[in-house]
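# Coordinate inspection notes
Here is how the chains run, residue by residue.
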Amino acid sequence: NQTTAQQAESLEDSRANPLRPHELHSSRYFQLLKSRRKLPVSLRRQEFLDIYHDSQVILVSGETGSGKTTQIPQFILFDEWESGKKVACTQPRRLATTSVATRTAAELDVPLGDQVGYSVRFERKTSRMTRLKYMTDGLLLSEASKDRDFSAYSCVILDEAHERTLSTDLLMALLKMATSRRPCLKVVIMSATLNVEKIQSYFPAAATFEISGKVHPVQIHYLSHSTPRYCYCAVTVVKHIHKNMAEGDILLFLPTSGDIEMVCSILRDEYEDLTILPLYSALSRARQEEIFEDSEYRKCIVATNVAETSITIDGIVYVVDSGLEIRPVYNPRLRMSTVLTSPISKASAKQRAGRAGRTQPGICFRLYTEQTHRACFIPSAPPGILEGELASQILLLKVMGFDSVGTFDFVDPPHPEVYLRGLQDLRSMRYIDDKGTITRTGRIAARLSVHPKWLNAFMEGQKNGCLREMIDLAAISSTQHPIFLRPPPARFAADIAHQRFACPLSDHISQLNALHAYESAIKTENRLPINQWCFDAFLNRRALSEAVRIRDQLVVSLQNELAITKEVCRFEDAEYDTHIRKTLARSFFYQCALKHPDMFGTIYRTVHEGHTAGIHPESVLSEGIQEWMVYSEFVSSGTPYLQTVTAVDPAWLIDLDFFQDDSLPKTADGNFKQPLVKKSLDKARKKRDSLEEDLISFEIL
Ligand code: ADP
Ligand code: MG
């Protein structure tokens, strides 16, 4: 059933909405249709359909703003309508997913969630009617683990493939296999005009469709001296543009949301005739949508790298590029994720500059020197598979039946060290056995909507009567942003406000206290409005409500899918804190650290790798009095820190295999690498034994 562009267009032009019988198109629909028809892809709809009908895999590349993300899925939807199956379109980012779904629903004149919907982790707006589903690549990947044939879909579109996120890479591999099993499954891979060769060589038989959008020249200006004060420099440049240069909106790229808010507040104080709009993932949906609204004044959009290719904003003439971004990088040897503000790639710099030339010739101000650009910027960012932690992805592949992941057909194979580290972690978690085969627990863990490592905590929690708390913690750790706010100008006040939630032995319990206080503040009537309550407590309301939502979903899925029952919590138990700390110790034992007194203060060393780190200054345990602790993250922003830590008693650990003499790391000549660890464990064992002796003699008496 091949359709033509003409057929589709006449349906779009008709007064009745073809997707919704008995409804007429609105006037806004026709307004949007008029501008959609001018997009470069729309002018070549028939050509696209011809290629689509003739091939199973199609690579689409084109400039940002040519209409790939919003139009191509609609072309396919019209063509595939008769199939009765769904069309999926993936995005690497949540922000872009919800934004383009909203836009496309408006373009098709249907309520979001009906024929067009979206699905991101822990949040979805879809229904039985949904035929076009925008979703994050991670979410489609977890769907694929249950259905390797993608059988609900007639076509899967992977958008922004040039970003080469870990999930998109794995999806490319899985789709490559699925297409050979399902001849009627179509795959469309879309990317900006960069990094296309690699993907082309991975799909040698794929047809290509290139959209050469009209691009206007962009003049590029560099600084003559580099500056570390990029925020102030950015403000100066924006002021200069606004005062001296012709009409046209400004797009400013900064690395962090903190930078963005600071620059926005400086600019807002200064100008009334400039509309300042921040854009980053933590903003509410409504504020994100503001960037698309018309404004009486010149707009200045201050964004993170979401505005690089994922989100197209029209009317930009000036781009100001700080040349920086934040990227999490995982170091397998240290098992540490580093979040550093680092220079972007040359490819990103080019994309950023390109935003200025969409509608007319533009100007790009780069807040770095030409020399820096030439010498310090790498050509393009490495693919995610080379940069991330792999344990959960390896588990996913194993549960799908790919046992020798080492020989899996990756677009780019992961670094062997990262891969081996992933296997080692899975073994510590007991999700794979010594032969590398997935265990029963591993299969269950792979189905969790949070990181698989949490299954151990749930099982241990069920034993110790604190399952509910573990589920809460898993939810808190899965929110996009931390629940405790510490805005730079009010750090001190924030620390004081947070003290009432503090548990002196555990950051995890402090987080639980904050979450539970928030929930009871909502329930209690005649109290402060919840926004005010959160504001006063320096808590992030969005993160907390996200945590509650995630928690509630987790509880349901644990009950339904995994038959884990919800445990009644025992607040009144005097040992409440101890149960939680013990559970954390026994489920995250492979992330333990021991205090090593040092002449410069307190240093902790991780038990197995022996890496040194401090306790994060925001931790309740930052004074370093406790000997043993488990940590949730090993992070670095210059200095290595253990973050979100809980003090534990070595007595809880001594019976685990991981802490027996054979498992402790040794030097080449057979000595213990960390004598302090050995000493402390032996002491705990001795104490346990003498306690047992006491008990025995007590019984004899
Ligand atoms: P591409 O994916 O090729 O970069 P898009 O399909 O995202 O292009 O964008 C095509 C057009 O749709 C652009 O002109 C853009 O401004 C417009 N557009 C996309 N999303 C929105 C939105 N949420 N609101 C308003 N306009 C939008
Ligand atoms: Mg796009």
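Here the residue index of a chain counts from 1 through its sequence in written order. Numbering of ligands from 1 and lettering of chains from A proceed in the order in which they are written. Side-chain atom pairs in this predicted model are given and counted only at pLDDT of 80 or more, local residue features only at pLDDT of at least 70, and totals for whole chains, interfaces and linings cover all residues.

## Considerations on the overall build of the protein
Heads up, the rule is: Secondary structure counts use DSSP, requiring at least four H or I residues in a row for a helix and at least two E residues in a row for a strand, with both numbered from the N terminus. The globule rule is 2.2 Å times the number of residues to the power 0.38, and the radius of gyration it is compared with is taken over C-alpha atoms. Residues are scored as being in contact if the C-beta atoms we place from backbone atoms lie within 7 Å.
Looking only at helices and strands, the protein features 24 helices and 21 strands. In terms of overall size, the protein behaves like a compact globule, its C-alpha atoms giving a radius of gyration of 27 Å where 701 residues would be expected to give roughly 27 Å. Seen along its three principal axes, the alpha-carbon backbone of the protein occupies a region of about 95 × 60 × 60 Å. Pairs at least 24 residues apart make up 71% of the contacts formed inside the protein by residues separated by at least 6 positions.

## Quick look at the site of ligand 1
For clarity, the cut-off: A residue counts as near a molecule or strand when its C-beta atom, positioned from the backbone, falls within 6 Å of it. All residues other than Ala, Val, Leu, Ile, Met, Phe, Trp, Tyr, Cys, Pro, Asp, Glu, Lys and Arg, Gly among them, are scored as polar; the first ten of these are nonpolar and the last four charged.
Neighbouring ligand 1 are 17 residues; K68, T69, T70, R103 and F292 lie closest to it. Of all the secondary structure elements, the ones that give two or more residues to the shell around ligand 1 are α4 (68-80) and α5 (94-107). Of the residues in the shell around ligand 1, the class split is three nonpolar, eleven polar and three charged.

## Structural notes on the nonpolar core
Note the threshold: Residues of type Ala, Val, Leu, Ile, Met, Phe, Trp, Tyr and Cys that are buried and joined through C-beta atoms within 7 Å form what is called a nonpolar core. With C-beta atoms placed from the backbone, a residue counts as buried when 20 or more other C-beta atoms lie within 10 Å of its own, as exposed when 12 or fewer do, and as partly exposed for counts between those limits.
The biggest cluster of nonpolar side chains holds 97 residues, and the ones touching the most others in it are I157, A234, L252, I301, V302 and V320. Here this core takes seven residues from helix α7 (residues 166-181), the largest share from any one element. Not counting chain neighbours up to four residues away, the residues in contact with A234 comprise L252, L254, V263, V320, S322 and L367. One finds L448, L544, L554 and A613 within the second-largest nonpolar core, a separate group that totals 80 residues.

## Quick look at the sheet that holds strand β3 (residues 116-120)
Rule in force here: Paired strands, in this sense, are two strands between which DSSP finds at least two bridges. The convention used is that axes are lines fitted to C-alpha atoms, helices contributing only their stretch in contact, and that angles between N-to-C directions extend from 0 to 180 degrees.
Ordered in space as β4-β3-β5-β2-β6-β7-β1-β8, the eight strands form an open sheet in which the pairing is mixed. At either margin of the open sheet sits one strand with a lone partner, and together these are β4 (123-125) and β8 (207-211). Here the average twist between neighbouring strands, direction ignored, is 20°. Bridge count between strand β2 (residues 86-91) and strand β6 (residues 153-158): five bridges; the pairing is parallel. In the strand pairing of β6, K86 is matched with Y153. The sheet strands contacting helix α6 (residues 137-144) are β2, β3, β5 (132-136) and β6, and the helix crosses β5 at an angle near 105°.

## A few points about the sheet that holds strand β10 (residues 249-253)
Taken together, the six strands give an open sheet; going across it, the order is β9-β16-β13-β10-β12-β11, and neighbouring strands pair in parallel fashion. One side of each edge strand has no neighbouring strand; the edge strands of this open sheet are β9 (218-223) and β11 (274-279). Strand-to-strand twist of the sheet, defined as the mean angle between neighbouring strand axes without regard to direction, takes the value 15°. Bridge count between β10 and strand β12 (residues 298-303): four bridges; the pairing is parallel. Looking at the pairing, L251 lines up with I301 of β12. The strands touched by helix α12 (residues 346-354) are β9, β10, β13 (316-321) and β16 (362-369); relative to β13, the strand with the most contacts, the crossing angle is about 150°.

## Looking at the packing of helix α18 (residues 467-477) against helix α22 (residues 541-560)
The cut-off we apply is this: Any angle between 65 and 115 degrees counts as roughly perpendicular, while under 35 counts as roughly parallel, over 145 as roughly antiparallel, and the rest as oblique. In a left-handed crossing the near helix is turned counterclockwise from the far helix by less than a right angle, and in a right-handed crossing that turn is clockwise.
Closest axis-to-axis distance for the α18/α22 pair is 8 Å, and the angle between their directions is 130°. Taken together, the axes of α18 and α22 are oblique relative to one another. In terms of crossing hand, the pair formed by α18 and α22 is right-handed. Contacts between α18 and α22 involve I471, D472, A474, A475 and I476 from the first element and A547, I550, R551, L554 and V555 from the second. Split by residue class, the contact of α18 with α22 holds eight nonpolar, no polar and two charged.

## A word on the packing of helix α9 (residues 230-244) against helix α10 (residues 257-270)
Contact geometry for α9 and α10: axes closest at 10 Å, N-to-C directions at 40°. Comparing the axis directions of α9 and α10 gives the class oblique. For the element pair α9 and α10, the recorded crossing hand is right-handed. Contact with α9, carried on its side by C231, A234, V235 and V238, involves D259, M262, V263, I266 and L267 of α10 and no other residues of that element.

## Let's talk about the confidence of the model for the protein
Spelled out, the test is: Per-residue confidence from the predictor is reported as pLDDT, a score between 0 and 100.
Residue-level pLDDT values for the protein average 90, and 97% of them are 70 or greater. Scored by ipTM, the complex comes to 0.98, with pTM at 0.88.

## So, the environment of Y576
Within the secondary structure, Y576 is located in helix α23 (residues 576-587). Along the sequence, Y576 and C466 sit 110 residues apart, while their C-alpha atoms lie 8.1 Å from each other.

## Comments concerning the pairing of strand β21 (residues 640-648)
The buried fraction of β21 amounts to seven of the nine residues, a majority that puts the element mostly inside the structure. The pairing of strand β19 (residues 612-615) with β21 spans two bridges and is classified as parallel. Bridging across to β21, I615 finds its partner in L642. Bridging between strand β20 (residues 628-636) and β21 involves eight bridges; their strand directions are antiparallel. The partner of M629 across the bridge, within β21, is A647.

## Examining unusual backbone geometry
Despite not being glycine, F122 has its phi angle at roughly 70°, a positive value. Located in the positive-phi region is F538, a residue other than glycine, with phi close to 55°. Counting through the fold element by element, F538 comes out in the loop between α21 (530-537) and α22.

## With respect to helix α3 (residues 45-54)
The criterion, for reference: In this context, the arc is that of the directions from the helix axis out to the C-beta atoms.
The set of residues buried in α3 consists of R45, F48, L49 and Y52. Looking down the long axis of α3, one finds its buried residues gathered within 100° of arc, a one-sided arrangement. Buried residues in α3 make contact with α1 (5-13), β1 (57-62), α4, β7 (186-191) and β8.

## Focus: the environment of A651
Turning to its location among the elements, A651 is positioned in the loop between β21 and α24 (675-700). When the C-alpha atoms of A651 and G601 are compared, they prove to be 26 Å apart, with 50 residues separating the residues in sequence. The residues contacting A651, other than those within four sequence positions of it, are A684, K687 and R688.

## Comments concerning the environment of L11
Its location among the elements puts L11 in helix α1. You can call L11 partly exposed: it has 15 C-beta atoms within 10 Å. Along the primary structure L11 and F78 are separated by 67 residues, whereas in three dimensions their C-alpha atoms are 9.4 Å apart.

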